[in-house]
Amino acid sequence: LVLSKLDLAQGSAYATTTLLSYIIAGVGFVTTLSTLGVRWDKLQWLVAALSVGLGFGMQEIFANFISGIMILFERPVRIGDTITIRNLSGTVRKIRIRATTIPAFDNKDIIVPNKTFITGQLINWSLTDTITRVTLKLGVDYGSDLDLVKELLLKAARENPRVLKEPEPHVYFLNFGESTLDHELRMHVRDLGDRNPVLDEVNRYINREFKKQHINISFRQMEIYLKNLHGQEYKLVPAEDERKTIAEPIDKPDAPEPPAGKVADAPEPPTSKLD
């Protein structure tokens, strides 16, 4: 009731409530024993024995309990934060004694032991700021107008209402690929929920505008040549029938005549078609 009247963040109120509940439970337990007339000198050996036994048998539970208290104090994770741990992503809903509950984006609850947040690698998308960078990579054909490519990519980002004006979007020509000229568009969005929608909208814009300007988005290509033992070389090209491939001979200088006293092997007849 008191915390509800204060202007506290959701994570702060939850952490305070949880720690107070632990303290009240501990004080209540000690007070109950005192009221029943149980003295500490009679319990100290029992507590020591239980501590040793619990330390070996329930070490994971104690590790998770201590990790939960560290999370509440250090606050690397707060209620309402969007996090990624290993290959799991979701928004933190509850931080309990042993584990933390994270509803995933497909509406299933993920129970993560508290120890994982302390000892493992964690990505908190909203710890200090909800603004995140979105990166879009694509490659265009060799010979494309690179200035026009940059102009269209920047236009796609600047005309999208989800993309922030500051920091402004940037386009970089990063690499001469095997069959592509590799570009990267970097832009920022305010909320994590805008990442996938902005990628969808910008991709559709790029696909539409590139077609209008006759700019081809490259894909990996391969040319295959066949060469027999006599040096004859053939290139595989598509035939009229899509299910077949034709081997076209490639003109090359005639092979030198064999020295006197030796008979050259007869060349093998080339295969004209390959199914």
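Residues numbered from 1 in each chain as written. Predicted model: local features only at pLDDT ≥ 70, side-chain atom pairs only at ≥ 80, totals over all residues. Heavy atoms only, no water.

### A short note on helix 6 (residues 146–158)
Given 3.6 residues per helical turn, the α-helix brings residues three or four places apart onto the same face. Rule in force here: Secondary structure elements follow DSSP: runs of H or I no shorter than four residues count as helices, runs of E no shorter than two count as strands, and numbering proceeds from the N terminus. Every helix has an expected span of 1.5 Å times one less than the residues it contains. Burial classes follow relative accessibility: with a 1.4 Å probe on protein chains only, a residue under 20% of its type's maximum area counts as buried, one over 50% as exposed, and anything between as partly exposed. We call two residues in contact whenever any of their non-hydrogen atoms come within 4.5 Å of each other. Polar contacts here mean pairs of N or O atoms no more than 3.5 Å apart (in protein, one a potential hydrogen donor and the other a potential acceptor; neighbouring residues in sequence count only if both atoms are side-chain atoms).
Taking 1.5 Å per residue, 13 residues should reach 18 Å; helix 6 reaches 18 Å between its end C-alpha atoms and fits that length. Along helix 6, the positions that sit buried rather than exposed are Val-149, Leu-152, Leu-153, Leu-154, Ala-156 and Ala-157. Residues of helix 6 that are buried make contact with strand 7 (132–140), strand 8 (170–176), strand 9 (181–189) and helix 7 (195–212). Between a side-chain oxygen at the N-terminus of helix 6 and the backbone nitrogen of Asp-147 the separation is 3.2 Å; the capping residue is Asp-145.

### Observations concerning the sheet that holds strand 2 (residues 88–91)
Defined as follows: Each pair of strands is called paired provided DSSP finds at least two bridges between the two strands. Axis geometry follows a simple rule: fit a line to the C-alpha atoms, using only the stretch in contact for helices, then measure angles between N-to-C directions, giving values from 0 to 180 degrees.
Spatially, the three strands line up as an open sheet ordered 2-1-6, and their pairing is antiparallel. Each edge of the open sheet is held by one strand with a lone partner, namely strand 2 and strand 6 (122–124). Each strand axis lies, on average, 20° off the axis of its neighbour in the sheet, ignoring direction. Relative to strand 6, strand 1 (residues 82–85) is paired through three bridges, and the arrangement is antiparallel.

### Observations concerning the sheet that holds strand 8
Across a sheet, strands are paired by hydrogen bonds formed along the backbone, either parallel or antiparallel in direction. The strand order across the open sheet built from three strands is 7-9-8, with neighbouring strands paired in antiparallel fashion. Both edges of this open sheet fall to strand 7 and strand 8, since each of them pairs with a single strand only. Taking each pair of neighbouring strands and ignoring which way they run, the sheet shows an average axis angle of 25°. Strand direction decides the pairing type here: strand 7 and strand 9, joined by nine bridges, are antiparallel. Paired with Val-134 across the two strands is Met-187, which belongs to strand 9. Running over the sheet, helix 6 touches strand 7, strand 8 and strand 9 and is turned about 20° from strand 9. Each of strand 7 and strand 9 is contacted by helix 7, which is oriented at about 25° to strand 7, the strand it contacts most.

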